[in-house]
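For reference, the chains in residue letters:
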Amino acid sequence: MATAGPMTERIRAAVIGGGPAGFAAAEVLAEAGLAPVIFEAKPSAARKFLMAGKSGLNLTMDEPGDAFIDRIGCEDLAPMLRAFGPRGIQEWAKGLGEPLFTGSSGRVFPVAMKGSPMLRKWMARLSAHGTTLRTRWRWLGWDGDALRFETPDGECEVKAEVTVLALGGASWPRLGSDAAWVPVLRNLGVEITPFEPANMGFEVAWSDYMVERFAGAPVKPASLSVGNRHVKGEFVITRYGIEGSGIYAISAELREALKSGPGSLTCDLLPDLSHSAVAARLARPRGKTSTSNHLRKTLGLTGVRAALVHEGGEELPSVPDALAGRIKSVAIPVTAPRPIEEAISSAGGIRWAAVDDGLMVRSRPGLFVAGEMLDWEAPTGGYLLTACIATGRWAGRAAVRRLG
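Residues numbered from 1 in each chain as written. Predicted model: local features only at pLDDT ≥ 70, side-chain atom pairs only at ≥ 80, totals over all residues. Heavy atoms only, no water.

## Here's the deal with the sheet that holds strand β5 (residues 107-110)
Here is the rule: When DSSP finds two or more bridges between a pair of strands, those strands are recorded as paired. Numbering goes from the N terminus for both helices and strands, where a helix is a DSSP run of H or I of at least four residues and a strand is a run of E of at least two.
A sheet is described by the order of its strands in space; here 3 strands give the open sequence β3-β5-β4, paired in antiparallel fashion. Every other strand in the sheet has two partners, leaving β3 (60-61) and β4 (100-102) as the edge strands with one partner each. Pairing between β4 and β5: 3 bridges, direction antiparallel. Each residue of the ladder has a partner; that of T102, found in β5, is V108.

See the structure below:
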C-alpha cells in the first residue's frame, strides 16, 4: 500500500484507524469503487490484531448466530452480527486464502495460528482494490469540514465526503487504542460512557507465602462464581492477584460487584465432585495424618489448590461437612480490577443513542463509527474480533449508501 500523500486534498472516503474495524470498513468502500484512504497514527497498522495473534489468533466461535449474539449481550449489535457473524467471518477468512480449524472449545483459528499472514493478505487485497494506507497520520479533529492530521510533514487537512472512525477503545494504549478521540467527539455533543477495563485480571492481597511459592501457578480444575454467575474454567495466581480465561469470563460481573466495595470471588476447587461426595471422603478415618496429608490422600488437593484452602490464616474446620464447604467455596478477597492499560479490551464508548441505524453520528452527518469505539463489551473467544469486523462492514455499507 502507498504510505504518502499530498499536504491537502479532497477524497471521497476516509477511514481513520488501521485496525480490523477500519480495514473492514475500507474493504466495503473499496469494493464499491470509492478508493478509501486509511489514516493510521502508528508507524504500522493493526498492532493490537498482531499482538492478539501471537498466542494464536482466535477469529470467532463456531456456534449458532443467535447464541453468539446472546453471549455478547448487546442487542444493538444484533443486526450487524446477523449480517456478518461467526459463519460470515469464517467464509471471509477462507476467501483470503486462510485455512481454518476449530478447537475442542469451539474457538476458530487460522491454521497458521498467527495474525501476520492474514494481515498481509488482507492488506494486499485492500491495495488491489484501490485502498491507500497512510501511517504516522494522527487525527486531531476538524477545521470546519476538513479533517486535521499531524503528519511527519507537518499538519495536513483532508476533506472527505464520508469518514469512518475506527479508533478503538482504551485498552493497550501503547498499541494505538488510547481513546484520544473522546474529547473531540464530546465537543460534538456525542454522549460517551466512560471506559472501563474488560477481560482483565484482578488484584488480591495474597500472603507472602502464596506469592513466593505460587505466583504463575495455574489453578485447575475450578469453578468460579460471582453472584448468580458461575463459570467452570482455570485461572492463574499472579504476584498482584489473579488472571486467566476463567477470570476473564466473569470479569464484567466481578468488576460491577466491586463498585459496591471489596468483595469475594468464590472458587470451587473440586467442581466435578458434589458437596456430599467431598464430605464423605473427608469423613474417612485419618488417624494421626495431618490435615494437609488427609486432603492430599482423600481429594488429591496439593500445591496451589491446597494453598488456597489454607490462605487467609484461618484454622480449617475439623468437621468433614464444614471442611467440604470450605473447599467447595473458597473465598478469594478481590479488591480491584487491574488498570485498563493492561486489559484485553474495554467496556464503554459512544452510546448507541448517539448514532443512527447505520452507525452514523447524529450530530455530524457523514461521520460513521465502528469497533470498540461503541458502547459494548465482549468476552474472549473471538467475540470481540468478529463484532469489530461486523461493525466496520456495517458502517462501510452505510457510508456507501450515503454516497449514493
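After presenting the structure, the write-up continues.
## Some remarks on the pattern of salt bridges
The test is simple: Criterion for a salt bridge: a side-chain nitrogen of Lys or Arg within 4 Å of a carboxyl oxygen of Asp or Glu. Buried residues are those whose accessible area, probed at 1.4 Å on protein chains only, stays under 20% of the maximum for their type, while exposed residues exceed 50% and partly exposed ones sit between those limits.
Taken as a whole and assessed by the stated rule, the structure comprises 22 salt bridges. In this structure, the salt-bridge partner of E372 is K48, at a minimum N-O distance of 2.9 Å. Within this pair, whereas E372 is found in the loop between β18 (367-369) and α15 (383-402), its partner K48 is found in helix α2 (residues 47-53), the two being separated by 324 residues in sequence. What makes K48 buried here is its relative accessible area of 16%. Here E253 and R229 are joined by a salt bridge, their closest N and O atoms 3.2 Å apart. A residue pair is termed long-range when its members are at least 10 positions apart, and E253 in helix α10 (residues 251-258) and R229 in strand β13 (residues 229-237) qualify at 24 residues. Three or more residues are tied together by salt bridges with common partners; here these are E196, R255, E256, K259 and E377.

## Here we look at the confidence of the model for the protein chain
We count it as follows: pLDDT expresses, on a scale from 0 to 100, how confident the predictor is about each individual residue. Here, residues are in contact when the closest pair of their heavy atoms is within 4.5 Å.
Chain-level pLDDT for the protein chain is 94 on average; 98% of the residues reach the 70-or-more range. Contacts for the low-pLDDT stretch residues 2-6, under 50 throughout, to residues beyond four places or in other chains number 9 contacts.

## A word on helix α1 (residues 20-31)
To be explicit about the condition: To estimate how far a helix should extend, the number of its residues minus one is multiplied by 1.5 Å.
With 12 residues, α1 extends 16 Å from end C-alpha to end C-alpha; this agrees with the ideal 16 Å at 1.5 Å per step. A large share of α1 lies buried, amounting to 11 of its 12 residues. Along α1, the residues that are buried comprise P20, A21, G22, F23, A24, A25, A26, E27, V28, L29 and A30. Immediately downstream of α1, the backbone of G33 shows phi near 80°, a positive value.

## What to know about the sheet that holds strand β14 (residues 241-243)
The condition that has to hold: Convention adopted: a line fitted to C-alpha atoms gives each axis, helices being fitted over their contacting stretch, and angles between N-to-C directions are expressed from 0 to 180 degrees.
Taken in spatial order, the 6 strands of this closed barrel run β11-β14-β13-β12-β15-β16, and their pairing is antiparallel. Going across the sheet, the axis of each strand differs from the next one's by a mean of 50°, ignoring polarity. As judged from the 7 bridges shared by strand β12 (residues 218-226) and β13, these two strands associate in the antiparallel manner. Bridging across to β13, A222 finds its partner in G233.

## Section: the pairing of strand β9 (residues 154-165)
One face of the sheet, then the other: side chains in a regular strand alternate in exactly this way. Where strand β1 (residues 8-16) lies against β9, 8 bridges are found, and the strand directions are parallel. Residue pairing in the sheet places A13 in a bridge with V162 of β9. Of the strand pairs in this sheet, strand β8 (residues 146-151) and β9 are connected by 5 bridges, and their pairing is antiparallel. Residue pairing across strands places T151 opposite G154, the latter belonging to β9. Hairpin connection between β8 and β9: a loop of 2 residues separates the two successive antiparallel strands. Where β9 meets β18, 3 bridges bridge the pair, whose relative direction is parallel. Its bridge partner lying in β18, L165 is registered against V369.

## Observations concerning the nonpolar core
To keep things clear, this is the line we draw: Put simply, buried Ala, Val, Leu, Ile, Met, Phe, Trp, Tyr and Cys residues joined by side-chain atoms within 4.5 Å make one nonpolar core.
One finds I72, W139, L185, I350 and W376 to be the most contacted residues of the largest nonpolar core, which totals 88 residues. Beyond its immediate stretch of four places on either side in the chain, I72 contacts L77, L81, W376, E377, A378, P379, Y383 and A387. Grouped together as the second largest cluster of nonpolar side chains are 43 residues, V226, I237, I250 and C267 included.

## A short note on the environment of K297
Summarising the element assignment, K297 is placed in helix α12 (residues 291-299). With relative accessibility at 57%, the residue K297 sits in the exposed group. With 183 residues separating them in the primary sequence, K297 and K114 have C-alpha atoms 43 Å apart.

## Remarks on the environment of W142
Within the secondary structure layout, W142 lies in strand β7 (residues 138-143). Placed 37 residues apart in sequence, W142 and S105 show a C-alpha to C-alpha distance of 46 Å. In contact with W142, not counting residues within four places along its chain, are L147, R148, V184, L185, L188, R364 and L367.

## Some thoughts on helix α5 (residues 86-95)
This is how it is decided: It is the directions from the helix axis to the C-beta atoms that the arc portrays.
If you check which residues of α5 are buried, you get P86, I89, Q90, W92 and A93. Mapping the buried residues of α5 onto a view down its axis gives an arc of 160°, with all of them on the same face. Of the exposed residues in α5, those oriented more than 90 degrees away from the buried face are E91 and G95. Positive backbone phi, approximately 85°, marks G97, located one or two places after α5.

## What to know about unusual backbone geometry
Between K220 and the following residue, P221, the backbone shows a cis peptide bond with an omega angle of -5°. Among the structural elements, P221 can be located in strand β12. A positive phi angle, near 60°, is found at R136, a position not held by glycine. Secondary-structure assignment places R136 in the loop between β6 (132-135) and β7. Looking at R136, the relative accessible area reads 45%, which means it is partly exposed.

## Describing the packing of aromatic side chains
To keep things clear, this is the line we draw: To pair, rings of Phe, Tyr and Trp, with the six-membered ring standing in for Trp, must have centres within 6.5 Å; the planes then decide the type, stacked if under 30 degrees apart, edge-to-face if over 60, and tilted in the middle.
The final tally for this structure, using the stated rule, is 10 aromatic pairs. Judged by centre distance (4.3 Å) and plane angle (25°), the ring pair of F39 and F149 falls under stacked. Residue F39 is found in strand β2 (residues 37-40), and its partner F149 is found in strand β8; the two are separated by 110 residues along the sequence. Like F149, F39 is buried. Measuring from centroid to centroid gives 5.9 Å for W181 and F195, while their planes differ by 90°, and the two rings are edge-to-face. Of this pair, W181 sits in the loop between β9 and α7 (182-186) while F195 is found in strand β10 (residues 192-198), placing the two residues 14 residues apart along the sequence. Accessibility classification places W181 together with F195 in one group, the buried group. Taken together, the ring pairs connect F23, W92 and W122 into an aromatic cluster.

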